[in-house]
Number of protein chains: 2
Amino acid sequence: MSVTAAQGFTAAGIAAGIKDSGNPDLALVVNNGPRLAAAGVFTSNRVKAAPVVWSEQVVKGGMVSAVVLNSGGANACTGPLGFQDTHATAERVAEVLGQNAGEIAVASTGLIGLRLPMDKLLPGITRAAAELSAHGGEKAAIAIKTTDSVHKTAVVEKDGWTVGGMAKGAGMLAPGLATMLVVLTTDADLDAGTLDTALRAATRTTFDRADSDGCMSTNDTVLLLASGASGTVPAYDDFAAAVEQVCADLARQLIGDAEGASKDIKVEVINAATEDDAVEVGRSIARNNLLKCAIHGEDPNWGRVLSAIGTTAAAFEPDRLNVAINGVWVCKDGSVGEDRDLVDMRYREVVITADLNAGDAAATIWTNDLTADYVHENSAYSS
Amino acid sequence: MSVTAAQGFTAAGIAAGIKDSGNPDLALVVNNGPRLAAAGVFTSNRVKAAPVVWSEQVVKGGMVSAVVLNSGGANACTGPLGFQDTHATAERVAEVLGQNAGEIAVASTGLIGLRLPMDKLLPGITRAAAELSAHGGEKAAIAIKTTDSVHKTAVVEKDGWTVGGMAKGAGMLAPGLATMLVVLTTDADLDAGTLDTALRAATRTTFDRADSDGCMSTNDTVLLLASGASGTVPAYDDFAAAVEQVCADLARQLIGDAEGASKDIKVEVINAATEDDAVEVGRSIARNNLLKCAIHGEDPNWGRVLSAIGTTAAAFEPDRLNVAINGVWVCKDGSVGEDRDLVDMRYREVVITADLNAGDAAATIWTNDLTADYVHENSAYSS
């Protein structure tokens, strides 16, 4: 159901010929109102793709009537001509839908440093518009895949209103968002400011804490559009909780489909002095290549967890650190704890718990193991 | 010739039985004076191995009469008992040599979280002492290997005085030093303060800028011992240059032997606003897993260089960035530059030049590609 689960939205996904493979590569999501409220969160990478620069401006206005997304090319590092391509894309969507280009968001994903084939993309928009449907959410989700092995959607239905969404992302997954495009829709009747508050709160604890490979993309985009079509104004807390639930679901799906991964690793940092400390320690553990290799080898190598913690500025005493792997406290008081042979690592999900013994704050970061398949997939991506 | 190239030093390397393989695992380096001046630089990881805690105290006194080094176990995260093991090791060396335990430096390398087999290590010290020789430098260098495929030594001979050294390190190589043990010796007649100044200056631009896999060890140790046996007091600048030359040589050997690597990558950052900016950008590029995979695949994927630069706080404008790979400026003004097909990446050494166009500072960071062999080696290390 994806982005068309909420009332007031239509979507389409087609193969416009942007990808050489002939796979679907162009998606269109249209908000049919009555409201056109929107919010967005974008990559914090200072090298931003043209569609990010464009869409940041669009979202500032608080109104988005449609989103056009393409896979098969990131349109990043393409200079002024690349920005013109994004502008022309929005203009074409506006023309076809009879809308204002300043309210059309654009998102792109794929290889950096290549111009988009506009001779294929622009006619594709016309074709996609002709296929817009209240059941088009799945096709839209399929059309934004790059190296994703499956498309990702999530829906939360509440009393009279719904939040749904789609996501893509499999590599270059890191904080300040993953290499991902996400479109969330709701038929709740809320203004842009409320959407913005709820979206920022949700991404902070979900997408921002999915860190598959430490690499931050130039194109990350998360949009939340509200049509108001349900006529319902939910309480803010209920709405924020639903948005967070959809984001958490999609973020978990991204980690579960990360390039080449064989393990999904939940890094729980507990008893930190502050939440910032917990996040810093969690990220340091999640980005430690040696540890990620060890987890791949089903080796509960807790020494690598401690060496990762030791590189942070978080409050802790080395001889008061405890570490559990899948519930077995293999490190106690900074030294050898329970027998490492008790750790069962056969399953895809692995939980690393780092107890800093320095307070009562906590945070969870999700990451993946590092595998030969990751190396293979990313050493051949543009060749 | 290693640590015995300079006059006044003897060394030995033996198989004490610490390693199950039966390979050499214990080295002893003795300064026979007349001077016993010393300086040291240690890991900045806050989780420090017992021998690091011990040797930091020893070096503070400015005098080191001997260094005992073992491979086969890091003696890190081993608690108070592990510290007692280090202490007992120094005591045994002092006893055998007729020296003061407070002037015996200890260094260990191997797996974290395991106690050392003291029943093998202590008798080994007695045997090593019996084999001390002015020609023992090579054997000492061999005995400190872990996953190193070759032992590493370097010597610079000047007019009447010499600086020589040995190093080990192949994984967990990162800033604030690599996972490495390094012992440098000189027969120049210099005091501990001068040694300290020269050693810190040299490590800052050599070992601190070798970043193979972003992982900082708990055991990194670099020691510089002076015997004064040449009777020569070199000019400071000449001495500092010789120490830097030996460190640079050893650092380059560490990168060249990094676990699983197939490419040595020199990341040159030029035209930065400050040297700190250049180092920050260089490290960000050197730690980008996606880029490291691309280099492994001989893919001049400059978009990944830009996305890495974009995550830093360095001064730059995205549309004024230039990137060359092996001399071909594949990115100009933040966009597509020369034809990427012109880039020849067949050789082991790859040079990435990032021009920030923001000033006249520069720095070079060395790293390696990310390979399936790295994953394999590090997923099976402790199993």
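On a predicted model such as this, the values are computed, not experimentally measured, just so you know. (Residues numbered from 1 in each chain as written. Chains lettered and ligands numbered in written order. Predicted model: local features only at pLDDT ≥ 70, side-chain atom pairs only at ≥ 80, totals over all residues. Heavy atoms only, no water.)

S.K.: How do you make sense of the overall build of chain A when you look at a structure like this?
M.R.: Each helix and strand counted, chain A has 10 helices and 15 strands in total. On C-alpha atoms alone, chain A measures out to a radius of gyration of 21 Å, which is about the 21 Å that the 2.2 N^0.38 rule sets for 383 residues. Principal-axis analysis of the C-alpha atoms gives chain A an extent of 65 × 50 × 35 Å. Out of the 383 residues in chain A, the part that is buried amounts to 61%. (Helix = DSSP H or I, 4+ residues; strand = E, 2+ residues; numbered from the N terminus. Rg over C-alpha atoms; globule rule 2.2 N^0.38 Å. Buried < 20%, exposed > 50% of the residue type's maximum accessible area, 1.4 Å probe, protein only.)

S.K.: Is there a simple way to explain the pairing of strand β9 (residues 221-226) of chain A in this structure?
M.R.: Every regular strand shows the same layout, with side chains that alternate between the two sheet faces. All names here are of chain A. Of all the six residues making up β9, six are buried; the element is thus mostly covered by neighbouring parts of the structure. Across the two faces of β9 the burial is the same, with Thr221, Leu223 and Leu225 and Val222, Leu224 and Ala226 all buried. Inspection of the sheet shows strand β3 (residues 37-42) paired to β9 by six bridges, in the antiparallel sense. Along β9, the bridge assignment pairs Gly40 with Leu223. Sheet analysis places strand β8 (residues 181-186) next to β9, joined by six bridges and oriented parallel. The residue of β9 that forms the bridge with Leu181 is Thr221. Following the chain from β8 across helix α5 (residues 192-205) to the adjacent parallel β9, one finds a crossover that is right-handed. (Pairing = 2+ DSSP bridges. Right-handed = clockwise from strand over helix to strand, strands pointing away.)

S.K.: I'm lost on the interface of chain A and chain B in this one. Help?
M.R.: Frequently, the measure chosen for interface size is the accessible area that the parts lose on association. Tallying the contact residues gives 52 residues for chain A and 51 residues for chain B. Broken down residue by residue, the surface that chain A buries against chain B is led by A:Arg46, A:Asn289 and A:Leu290, which jointly contribute 16%. The interface formed by chain A and chain B includes zero salt bridges. Taken together, the links from chain A to chain B amount to 15 residue pairs in polar contact (both at pLDDT 80 or more). For the side of chain A that touches chain B, the class distribution of residues is 23 nonpolar, 23 polar and six charged. (Contact = heavy atoms within 4.5 Å. Buried area = accessible area lost by both parts, 1.4 Å probe. Salt bridge = Lys/Arg side-chain N within 4 Å of Asp/Glu carboxyl O. Polar contact = N/O pair within 3.5 Å; in protein donor to acceptor, adjacent residues only side chain to side chain. Nonpolar A, V, L, I, M, F, W, Y, C, P; charged D, E, K, R; others polar.)

S.K.: Explain the packing of helix α2 (residues 79-97) of chain B against helix α3 (residues 118-130) of chain B here, please?
M.R.: Residues and elements named next belong to chain B. Between α2 and α3, whose axes approach to 10 Å, the crossing angle comes to 25°. Between α2 and α3, the angle falls in the class roughly parallel. Once α2 is placed against α3, the crossing between them reads as right-handed. Where α2 approaches α3, its residues Asp85, Ala88, Thr89, Arg92, Val93, Val96 and Leu97 are matched on the opposing element by Met118, Leu121, Leu122, Pro123, Ile125, Thr126 and Ala129. Considered class by class, the residues forming the contact of α2 with α3 number 10 nonpolar, two polar and two charged. (Axes fitted to C-alpha atoms, helices over the stretch in contact; angles between N-to-C directions. Parallel < 35°, antiparallel > 145°, perpendicular 65-115°, else oblique. Left-handed = near helix turned anticlockwise from the far one by under 90°.)

S.K.: Quick question: what am I supposed to make of the environment of B:Asn100 here?
M.R.: Residue position: B:Asn100 is located in the loop between α2 and β5 (104-108). Among the polar contacts made by the side chain of B:Asn100, one reaches the main-chain amide nitrogen of B:Gly102 at a distance of 2.8 Å.

S.K.: What is the right way to look at the sheet that holds strand β11 (residues 322-325) of chain A in this model?
M.R.: Across a sheet, strands are paired by hydrogen bonds formed along the backbone, either parallel or antiparallel in direction. Residues and elements named next belong to chain A. An order of β13-β12-β11-β14-β10-β15 is seen for the six strands of this open sheet, with the pairing classed as mixed. Every other strand in the sheet has two partners, leaving β13 (335-336) and β15 (361-368) as the edge strands with one partner each. As paired elements, β11 and strand β12 (residues 328-332) share two bridges and run antiparallel to each other. Bridging across to β12, Ile325 finds its partner in Val328. Set on the sheet, helix α6 (residues 236-256) makes contact with β10 (264-272), β14 (349-355) and β15; between it and β15 the angle comes to about 40°.

S.K.: When you look at the environment of A:Arg200 in this model, what are you seeing that I'm missing?
M.R.: Residue and element names in this part refer to chain A. Within the element layout of this structure, Arg200 appears in helix α5. In sequence terms Arg200 and Glu244 are 44 residues apart; their C-alpha atoms lie 9.6 Å from each other. Aside from chain neighbours lying at most four places away, what touches Arg200 is Gly40 and Val41. For Arg200, the side chain forms a polar contact with the main-chain oxygen of Gly40, separated by 3.4 Å.

S.K.: What is the right way to look at the relation of the copies chain A and chain B in this model?
M.R.: The operation linking the two copies of the chain is a rotation about an axis combined with a translation along the axis. Mapping chain A onto chain B leaves a residual RMSD of 0.0 Å; the transformation is a rotation of 180° accompanied by 0.0 Å of translation along its axis. Overall, the copies show the geometry of a two-fold rotation axis. Every residue of chain A has its C-alpha some distance from the rotation axis, and the shortest such distance is that of A:Ala372, at 2.1 Å. A share of 98% of the interface residues of chain A reappears at the interface of chain B, consistent with the copies meeting face to face through the same patch. (Least-squares fit on C-alpha atoms with pLDDT ≥ 70 in both.)

S.K.: Teacher, can you tell me more about helix α5 (residues 192-205) of chain B here?
M.R.: Because an α-helix packs 3.6 residues into every turn, residues spaced three or four apart end up facing the same way. Residue and element names in this part refer to chain B. Between the first and last C-alpha of α5 there are 20 Å, a value that for 14 residues agrees with the 20 Å anticipated at 1.5 Å per step. Those residues of α5 lying buried are Leu195, Ala198, Leu199, Ala202 and Thr203. The buried residues of α5 occupy one face: seen down the axis, they fall within an arc of 125°. Against the buried residues of α5 lie β3 (37-42), β8 (181-186), β9 (221-226) and α6 (236-256). (Expected span 1.5 Å × (residues − 1). Arc of directions from axis to C-beta.)

S.K.: What should I look at first to understand the packing of aromatic side chains in this one?
M.R.: Across all of its chains, the model carries four aromatic pairs over all chains by this definition. For the pair B:Trp161 and B:Phe239, a centre-to-centre distance of 5.9 Å together with 50° between the ring planes defines the contact as tilted. Placement of B:Trp161 in the loop between β6 (152-157) and β7 (162-168) and of B:Phe239 in helix α6 is noted, with a sequence separation of 78 residues between them. Across the ring face of B:Phe316, the terminal group of A:Arg46 is positioned such that the distance to the ring centre comes to 3.9 Å. (Phe/Tyr/Trp six-rings, centres within 6.5 Å; stacked < 30°, edge-to-face > 60°. Lys NZ or Arg CZ within 6 Å of the ring centre and 35° of its normal.)

S.K.: Before we go on, may I ask you to explain the domain arrangement of chain A in this structure?
M.R.: Residues and elements named next belong to chain A. Structurally, chain A comprises domain 1 (2-256) and domain 2 (264-379). Here the C-alpha centroids of domain 1 and domain 2 sit 33 Å apart. Counting the surface lost from both domain 1 and domain 2, the interface buries some 1,300 Å², and carbon and sulfur atoms represent 36% of this. There are six salt bridges connecting domain 1 and domain 2. Where Arg209 meets Glu275, a salt bridge forms, and the shortest distance between an N and an O atom there is 2.5 Å. Taken together, the connections running from domain 1 to domain 2 amount to 11 residue pairs in polar contact (both at pLDDT 80 or more). (Domains from an automatic or database assignment.)

S.K.: Whenever I open this one, the packing of helix α1 (residues 50-60) of chain B against α2(B) confuses me. Can you help?
M.R.: A pair of packed helices can be characterised by two numbers: the angle between their axes and the separation between those axes. All names here are of chain B. As a packed pair, α1 and α2 sit with axes 8 Å apart at the nearest point and diverge in direction by 50°. By the angle class used here, α1 and α2 are oblique. As α1 packs across α2, the resulting crossing turns out to be right-handed. The residues of α2 that touch α1, namely those facing Ala50, Pro51, Val53 and Trp54, are Gly82, Phe83, Thr86, His87 and Ala90. Classifying every residue of the contact of α1 with α2 gives six nonpolar, three polar and no charged.

S.K.: What is the right way to read the sheet that holds strand β10 (residues 264-272) of chain B from this model?
M.R.: All names here are of chain B. Taken in spatial order, the six strands make up an open sheet running β13-β12-β11-β14-β10-β15, and their pairing is mixed. What marks the edges here is a single partner per strand, and that holds for β13 (335-336) and β15 (361-368). Relative to β13, strand β12 (residues 328-332) is paired through two bridges, and the arrangement is antiparallel. Its bridge partner lying in β13, Lys332 is registered against Ser335.

S.K.: Explain the pairing of strand β4 (residues 66-70) of chain B to me, please; I cannot follow it from the model alone.
M.R.: Residue and element names in this part refer to chain B. Across the five residues that make up β4, a large majority, five, are buried. Where burial is concerned, the two faces of β4 agree: the one with Ala66, Val68 and Asn70 and the one with Val67 and Leu69 are both buried. Pairing analysis gives five bridges linking strand β2 (residues 26-31) to β4, with the strands arranged antiparallel. The residue of β4 that forms the bridge with Val30 is Ala66. With five bridges connecting them, β4 and β5 associate as parallel partners. If you follow Asn70 over to β5, its bridge partner there is Ser108. Handedness of the crossover is the feature at issue here: the chain leaves β4, passes through α2, returns alongside β5, and the resulting connection is right-handed.

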